[in-house]
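Below, each chain spelled out in residue letters.
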Amino acid sequence: MTRTAAVPTRPAARRRPTPTETARLLPASGGPTYREHLDRVGPLPAAGPGLIQEVLESGLRGRGGAGFPTGRKMVAVRGRRGPAVVVANGTEGEPLSAKDRVLLARNPHLVLDGLVAVGAALRGDRIIIAVERARQDTVAALRHALVERPDHGPVIELVQTPSRYIAGQETALVRWINGGEARPVFGNRIYERGVAGRPTLVDNVETLAHVGLIARFGAGWFRLIGPPAEPGSMLVTVTGGVDRPGVYEVPIGSSLTQLLGQVGARRVQALLVGGYFGTWVGGERIAAVPLSAEGLATVGSRPGCGVIVALPDDVCAWAEVATVAEFYSAHSAGQCGPCVFGLEDIARAVRGVLAGDPEAEAAARHWTAMVKGRGACHLPDGAAGFVESALDVFGGEIADHRLGRCQRPHHGYLPSPAPGDWR
Ligand SMILES: Cc1cc2nc3c(=O)[nH]c(=O)nc-3n(C[C@H](O)[C@H](O)[C@H](O)COP(=O)(O)O)c2cc1C
Ligand code: SF4
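Residues numbered from 1 in each chain as written. Chains lettered and ligands numbered in written order. Predicted model: local features only at pLDDT ≥ 70, side-chain atom pairs only at ≥ 80, totals over all residues. Heavy atoms only, no water.

Which residues make up the overall build of the protein chain, and what values go with them?
The helix and strand tally for the protein chain stands at 15 helices and nine strands. For 423 residues, the compact-globule formula gives about 22 Å, and the C-alpha radius of gyration of the protein chain, at 23 Å, lands near that figure. Across the 423 residues of the protein chain, 52% fall into the buried class. Here the contacts in the protein chain between residues at least 6 apart in sequence split such that 73% fall between residues at least 24 apart. Summed over all atoms, the accessible surface of the protein chain reaches about 18,100 Å², with 53% contributed by carbon and sulfur. For the protein chain, the distance from the average position of its 46 positive side-chain charges to the average position of its 40 negative side-chain charges is 7 Å. (Helix = DSSP H or I, 4+ residues; strand = E, 2+ residues; numbered from the N terminus. Rg over C-alpha atoms; globule rule 2.2 N^0.38 Å. Buried < 20%, exposed > 50% of the residue type's maximum accessible area, 1.4 Å probe, protein only. Contact = heavy atoms within 4.5 Å. Areas by Shrake-Rupley, 256 points an atom, 1.4 Å probe, with all protein chains shown as cover. Lys, Arg positive; Asp, Glu negative; His and termini not counted. Charge placed at Lys NZ, Arg CZ, Asp CG, Glu CD.)

Give me the pairing of strand β2 (residues 126-132): which residues, what numbers.
Of all the seven residues making up β2, six are buried; the element is thus mostly covered by neighbouring parts of the structure. Where strand β1 (residues 85-90) and β2 come together, six bridges link them in parallel fashion. Bridge pairing in β2 places V86 opposite I127. Two strands pair when backbone bridges link them, and β2 and strand β3 (residues 156-161) are joined in this way by six bridges, in the parallel orientation. If you follow I128 over to β3, its bridge partner there is E157. (Pairing = 2+ DSSP bridges.)

Hey, could you go over the site of ligand 1 for me, with residue numbers and the actual values?
Surveying the vicinity of ligand 1 reveals 19 residues, the closest of which are G64, K73, E170, N204 and T207. K73 places a polar side-chain atom, nitrogen or oxygen, 2.7 Å from an oxygen atom of ligand 1. Note that an oxygen atom of ligand 1 is positioned 3.3 Å from one of the side-chain N or O atoms of T91. Considered on its own, ligand 1 offers 610 Å² of accessible surface; in the complex 89% of this is hidden by protein. Looking at the shell around ligand 1, the element that brings in the most residues is strand β4 (residues 200-204), giving three residues. Taken together, the residues of the shell around ligand 1 break down into five nonpolar, nine polar and five charged. (Near = heavy atom within 4 Å. Polar contact = N/O pair within 3.5 Å; in protein donor to acceptor, adjacent residues only side chain to side chain. Nonpolar A, V, L, I, M, F, W, Y, C, P; charged D, E, K, R; others polar.)

Explain the nonpolar core to me, and be specific about the residues and the numbers.
Counting 62 residues, the largest nonpolar core has Y276, W280, W318 and F394 as its most contacted members. The biggest single contributor to this core is helix α11 (residues 317-330), with nine residues. Those residues in contact with Y276 that sit more than four places away from it in its chain are E94, P95, L96, Y165, V324, F327, Y328, G382, F386, L414 and P415. (Core = buried A, V, L, I, M, F, W, Y, C linked by side-chain atoms within 4.5 Å.)

Hey, could you go over the packing of aromatic side chains for me, with residue numbers and the actual values?
Within the structure shown, the criterion is met by eight aromatic pairs. A ring pair is formed by Y165 and F327, whose centres lie 5.1 Å apart and whose planes are at 70°; its orientation type is edge-to-face. Linking Y165 in the loop between β3 and α7 (170-177) with F327 in helix α11, this pair joins segments that are 162 residues apart in sequence. Assigned by exposure class, Y165 and F327 land together as buried. Ring plane angle 75° and centroid distance 6.5 Å describe the contact between W318 and F394, whose orientation is recorded as edge-to-face. Taken together, the residues W318 in helix α11 and F394 in the loop between α14 (379-393) and α15 (395-402) connect sequence positions 76 residues apart. On the basis of relative accessible area, F394 is assigned to the buried category, the value being 1%. Ring-pair connections join several aromatic residues into one group, and the members of that group are Y165, Y276, F327 and Y328. (Phe/Tyr/Trp six-rings, centres within 6.5 Å; stacked < 30°, edge-to-face > 60°.)

Report on the environment of A88, specifying residues and quantitative values.
The topology assignment puts A88 in strand β1. Given the relative accessible area of 0%, A88 is considered buried. As a C-alpha pair, A88 and L38 span 50 residues in sequence and 21 Å in three-dimensional space. Filtering out sequence-adjacent residues up to four positions away, A88 remains in contact with L115, I128, I129, A130, D203, V205 and L208.

Could you give me a rundown of the side chain of N204, with the residues and numbers involved?
By the element assignment, N204 lies in strand β4. A polar atom in the side chain of N204 sits 3.5 Å from the backbone oxygen of N89. Within the structure, the side chain of N204 is placed 2.8 Å from the backbone nitrogen of E206, a separation counted as a polar contact. Not counting chain neighbours up to four residues away, the residues in contact with N204 comprise R63, G64, N89, K99 and D100.

Explain helix α2 (residues 50-58) residue by residue, including any values.
Every buried residue of α2 is accounted for by L51, I52, V55 and S58. Down the axis of α2, the smallest arc covering the buried residues is 125°, so these residues share one side. Residues of α2 that are buried sit in contact with α3 (70-78), α5 (108-121) and α8 (205-222). (Arc of directions from axis to C-beta.)

Got a sec to walk through helix α4 (residues 99-106)? Specific residues and values, please.
Residues K99, D100, L103 and L104 constitute the buried set of α4. Taken around the axis of α4, the buried residues stretch over an arc of 130°, which confines them to a single face.

So, the sheet that holds strand β8 (residues 279-282): which residues are in play, and what are the values?
Strand order in the open sheet formed by five strands is β6-β5-β9-β7-β8, and the pairing between neighbours is mixed. Every interior strand has two partners, whereas the edge strands, β6 (246-251) and β8, have only one. The average angle at which neighbouring strand axes cross in this sheet is 30°, direction not considered. Pairing of strand β7 (residues 268-273) with β8 involves four bridges; the strand directions are antiparallel. (Axes fitted to C-alpha atoms, helices over the stretch in contact; angles between N-to-C directions.)

Function-wise, these values are silent; they only describe arrangement.
Following this line, the structure appears as structure tokens:
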């Protein structure tokens, strides 16, 4: 009997990132092309319903702001009748967030892989990626990436949304894709009836990039970093009074103080955690706080979409708070009473605090309590949480304004971009 000499096998196409590697989404080397992407992580295995179980076991939570378990969202859509639609939400309306567009520029194929894999797991026959129309550099990067992908893959539709904060809220996004205005819909359960009346899943682009890796390397690998209740890495946009602002990828649960050291934060008066939808945390309270939902909950905060603004101790905090209160008022979709009137009342009260009006603090507390939990979307909750945390953290400065003693400059770390069209 002849024996054939052992033929050396080709190196496995599936290359496993080293378990300790934390640069999962923003690779340390290699560019954004399809070839470079495949060299980094290998081809995407064919995904089926098994991926839903894998995502459930991974413990992945959405990175768009609310932190809902991604696997449970998949189960909700999978349990409905009819073909599903999957939408990647890359609209990134949060004014200071840059993580989604940096991810789409540096690793677009990982996001598209996640979208394709979720589409296959849900037997979706329509998959869509949405980005803000004003971000033409992101649109161009995505167009290029879509052309590069193999012809046998599913068609991915690229849609460009209006520049409105609220346009990224999932019911507003679905309504706009359906040909309407980008305003939220009251009580709309998109997992039952979303795009074209079909069961629809909307996931943030960062969430989908994690799915692109879970589909390759499994739930166990995903859990190698981060605490058991909140595994994985997350993208954070760090800005404000720091020497090295930018988008960083960190393991969930890592030290906030260490991150501030890494970015060169100057003497911090307070942090705004979670962006405009987030809350202020006093500088003295951040020392032992890990960057996780569990850790931040101990100081009344949460990671949200991962924006962290370091406010230095030599600027007027209330001037920053007033800018954001105006932003909220300007960005109401004008559909619900508490939002239309309440957000303007909150903005007026905060202007009053800044101007030293002695009645203003009580008015701000009154109006934030009035709008909470009301409205078709959570916009009023975002405004209320932001202003209430400012009242707690910058309470001492209210008296300074009342007595005309605040001499700190108005820096303008927090911008208030004007709203665009509804279509
Ligand atoms: C006012 C408002 C604005 C939002 N803007 C965005 C956004 O720009 N991008 C995003 O991914 N999610 C945004 N969301 C959250 C979406 O409604 C939705 O929960 C998210 O896209 C789901 O993705 P995830 O489960 O992967 O986090 C917003 C929500 C609200 C209330
Ligand atoms: S709560 Fe405000 S933003 Fe949300 S739908 Fe109602 S009016 Fe529009």
